[in-house]
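A look at the structure
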Amino acid sequence: MSNSPSAKDPATPNASSPERPEDEKLPPRLLFIYGLQHILTMYAGAVAPALVIGAAAGLANDPAAMGILVSGALIVAGIATFMQSVGHRSIGAQMPIVVACSFVPVSAITSLAAGNDGENLPVAFGASLAAGLFALCLTPFFGQLIRFFPPVVTGTIITVIGVSLMPVAADWIMEDESVEPSAPLGNMALAGLTLVVILIGSRVLPGIWGRLSILIGLLLGTLVAIPFGMADFSRVNEADTVFDPTSVFQFGAPQFEVAAIVTMCIIMLVVLTEGASHIIAVGEITGSKVDAKRISAGLRADVSGSILGPIFSATPTSSFAQNIGLLALTGVRSRYVVATGAGILLVLGMFPVLGGVMAAIPGPVLGGAGLVLFGSVAASGIKTLAKVDFTDNLNLVLVSAAIGVAIVPLAYPTFYQQLPEAVELVAHSGIIGAAVVAIVLNICFHVIGRRPQDGAPAGIEEEDIGSAGPGEAKYTDHAGAAYRDDESGERPGGDRS
């Protein structure tokens, strides 16, 4: 049995088969169900930055203020995700990518926002706004990175993304804030049950139901947790029923301080690099061509939240890797599914009480699902690496060094703490470290003095890279053949042309 959307599925009789796999159109009921599955997968991660920052700003005991932060995060996520998936001209990659508040800047923002009653939040929001505009100016140049992402680089980065997310799933599983002292064993059991439901569902359920195994696992895991007191719905009523439009700029107009802006600009470089990696990863998983112009457009949607965020008291946004895992696992590649999910995010943001219900999904349940989702990302990277010719030892060295650098901060979290704060921020991200190492080694091994047999992007000459806008590299059909296909002509996703 195959859960791939290319397989004939009697449950999706109205699905079309367009030239671009991400343009597939599904019946409305499937759009909603698959879209809801995406939102359940990322909801905890989407609101966590707001909760952490709100607590640092001295708002932990103010449910109304925390509700504004959470609602703002969901509204901005919905807007940015719709821009990313539907797109308009040069804004949005038109790919099934979910965008929400990023974890990358949380540490810096909590430092900027630390205080009482949210008094310093305007400084954090002002820095976010300025850094968002800075990042927006850089997006055309980041689009040119596609020239340095052959399969040996993309496969390595995608693998590292999946591996680096595993500690997140483990943290969700061991979350024990409101349960009994035996929580570790109870949490592991609940996560294990969720995982087993997902695995069995993927194996035995037919068609659409097999693709919904993640959603089924989340729902059953939550239902099982309720009688054991591991799902807390008691605080749902504390949230406002409807979002109050007058709460925009709730904590005051943004304030601009040079030191805070410089810090956030450095962080946005990390967000852009990570975003480019995610867009390429989605292209590999869906089998869709990703070019420089598309990366630039996608990054503009990614950073849009940093510009819109201060209006709704939200922080910088980026694409979410856990939803990339869901794409790989379900095989549902339609961007309209994610666009529907964006609508769900907007509804949750406008009705905070609904968001409170979804927030009650226990961490261990999310963690059990996360093991499969994040593992699917790593597996997709390994699939891409399978296209690489490792006869030449240089490719093996490249992959080994990049993955080794990525594992260091996972195995030894304080490894880089003696470095300057700005350097530590970049070095501590295994994804960014692996990307830098893989790109630099690819340039050293295959671009500088390259040979055709190296498996490098040979054959792309300067005349093939034209101007598609200020700083953007034009991605030609010739470039697509050299950069995105392997020697056998196999397209990402396994389709042969």
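Residues numbered from 1 in each chain as written. Predicted model: local features only at pLDDT ≥ 70, side-chain atom pairs only at ≥ 80, totals over all residues. Heavy atoms only, no water.

1. Examining the overall build of the chain
- Looking only at helices and strands, the chain has 18 helices and two strands in total.
- The buried share among the 497 residues of the chain stands at 54%.
- For the chain, contacts bridging at least 24 residues in sequence account for 80% of all contacts bridging at least 6.
- Of the accessible surface of the chain, which amounts to about 20300 Å², a share of 64% is contributed by carbon and sulfur atoms. (Helix = DSSP H or I, 4+ residues; strand = E, 2+ residues; numbered from the N terminus. Buried < 20%, exposed > 50% of the residue type's maximum accessible area, 1.4 Å probe, protein only. Contact = heavy atoms within 4.5 Å. Areas by Shrake-Rupley, 256 points an atom, 1.4 Å probe, with all protein chains shown as cover.)

2. What to know about the nonpolar core
- Among the nonpolar cores identified, the biggest contains 118 residues, and Met42, Leu59, Leu121 and Phe251 are the most heavily contacted of them.
- For this core, the element with the most residues is helix 9 (residues 258–286), which contributes 14 residues.
- The residues contacting Met42, other than those within four sequence positions of it, are Val98, Ala100, Phe320, Gln322, Asn323 and Leu345. (Core = buried A, V, L, I, M, F, W, Y, C linked by side-chain atoms within 4.5 Å.)

3. Some details on the pattern of salt bridges
- Inspection of every chain in the model, using the stated rule, returns five salt bridges.
- Across the salt bridge formed by Asp23 and Arg335, the nearest N and O atoms sit 2.6 Å from each other. Linking Asp23 in the segment before helix 1 (28–56) with Arg335 in helix 12 (residues 335–350), this pair joins segments that are 312 residues apart in sequence.
- Here Glu284 makes a salt bridge to Lys387, at a shortest N to O gap of 3.8 Å. On the criterion of sequence distance, the pair formed by Glu284 in helix 9 and Lys387 in the loop between helix 14 (363–385) and helix 15 (393–411) is long-range, its members being 103 residues apart.
- A relative accessible area of 7% places Glu284 in the buried class.
- Connected through shared salt-bridge partners, Arg20, Glu22, Asp23, Arg294 and Arg335 make up one network. (Salt bridge = Lys/Arg side-chain N within 4 Å of Asp/Glu carboxyl O.)

4. Thoughts on the environment of Val447
- As for its placement among the helices and strands, Val447 is situated in helix 17 (residues 430–447).
- The spatial distance from the C-alpha of Val447 to the C-alpha of Phe148 is 8.8 Å, given a sequence separation of 299 residues.

5. A word on the confidence of the model for the chain
- Counting all residues, the mean pLDDT for the chain is 77, and 79% of those residues have values of 70 or more.
- Between the elements of the chain, mean pLDDT differs from a low of 39, seen in helix 18 (residues 477–484), to a high of 92, seen in helix 12.
- Across residues 1–16, confidence stays below pLDDT 50; counting only partners more than four residues off in sequence or on other chains, it has 34 contacts.
- A low-confidence stretch, residues 453–497 (pLDDT under 50), is modelled with 90 contacts involving residues beyond four sequence positions or located in other chains. (pLDDT = per-residue confidence, 0-100.)

6. Regarding the packing of aromatic side chains
- Per the counting criterion, the structure on display carries two aromatic pairs.
- An angle of 75 degrees between the planes, with centres 6.0 Å apart, marks the rings of Tyr412 and Phe415 as edge-to-face.
- Overall, the relative accessible area of 47% leaves Phe415 in the partly exposed class.
- Ring plane angle 85 degrees and centroid distance 5.0 Å describe the contact between Phe415 and Tyr416, whose orientation is recorded as edge-to-face.
- With a relative accessible area of 16%, Tyr416 lands in the buried category.
- Pairwise contacts between aromatic rings join Tyr412, Phe415 and Tyr416 into one cluster. (Phe/Tyr/Trp six-rings, centres within 6.5 Å; stacked < 30°, edge-to-face > 60°.)

7. Section: helix 9
- The terminal C-alpha atoms of helix 9 lie 42 Å apart, and with 29 residues this matches the ideal 42 Å at 1.5 Å per residue to within 8%.
- For helix 9, the tally of buried residues reaches 22 of 29 residues, placing the bulk of the element in the interior.
- The positive-phi residue at the C-terminal boundary of helix 9 is Gly287, with phi of around 80 degrees. (Expected span 1.5 Å × (residues − 1).)

8. A few points about the packing of helix 1 against helix 12
- Contact pair helix 1 / helix 12: the axes reach a minimum separation of 8 Å and the direction vectors enclose 60 degrees. Between helix 1 and helix 12 the crossing geometry is right-handed. The residues of helix 12 that touch helix 1, namely those facing Leu31, Phe32, Tyr34, Gly35, Leu36, His38, Ile39, Met42 and Tyr43, are Tyr336, Val337, Val338, Thr340, Gly341, Ile344, Leu345 and Leu348.
- A breakdown of the residues in the contact of helix 1 with helix 12 according to their chemical character gives 13 nonpolar, four polar and no charged. (Axes fitted to C-alpha atoms, helices over the stretch in contact; angles between N-to-C directions. Left-handed = near helix turned anticlockwise from the far one by under 90°. Nonpolar A, V, L, I, M, F, W, Y, C, P; charged D, E, K, R; others polar.)

9. Points about unusual backbone geometry
- If you check the backbone angles, Gln94 has positive phi at about 55 degrees while not being a glycine.
- As for its placement among the helices and strands, Gln94 is situated in the loop between helix 2 (63–85) and strand 1 (99–101).
- The backbone of Ser313 shows a phi angle near 65 degrees, a positive value even though the residue is not glycine.
- Along the chain, Ser313 turns up in the loop between helix 10 (292–312) and strand 2 (317–319).

10. Side note on the side chain of Ser71
- As for its placement among the helices and strands, Ser71 is situated in helix 2.
- Among the polar contacts listed, one links the side chain of Ser71 to the backbone oxygen of Gly349, at a separation of 3.4 Å.
- With sequence-adjacent residues up to four places away left out, Ser71 is seen in contact with Phe243, Gly349 and Pro352. (Polar contact = N/O pair within 3.5 Å; in protein donor to acceptor, adjacent residues only side chain to side chain.)

11. Some words on the packing of helix 11 (residues 321–330) against helix 14
- Two numbers describe how helix 11 lies on helix 14: the axes approach to 7 Å, and their chain directions differ by 75 degrees. In this view, helix 11 runs roughly perpendicular relative to helix 14, as classed from their interaxial angle. For the pair formed by helix 11 and helix 14, the contact residues are Ala321, Gln322, Ile324, Gly325, Leu326, Ala328 and Leu329 on the first element and Val372, Leu373, Phe374, Ser376, Val377 and Ser380 on the second.
- The residue inventory of the contact of helix 11 with helix 14, partitioned by class, reads nine nonpolar, four polar and no charged. (Parallel < 35°, antiparallel > 145°, perpendicular 65-115°, else oblique.)

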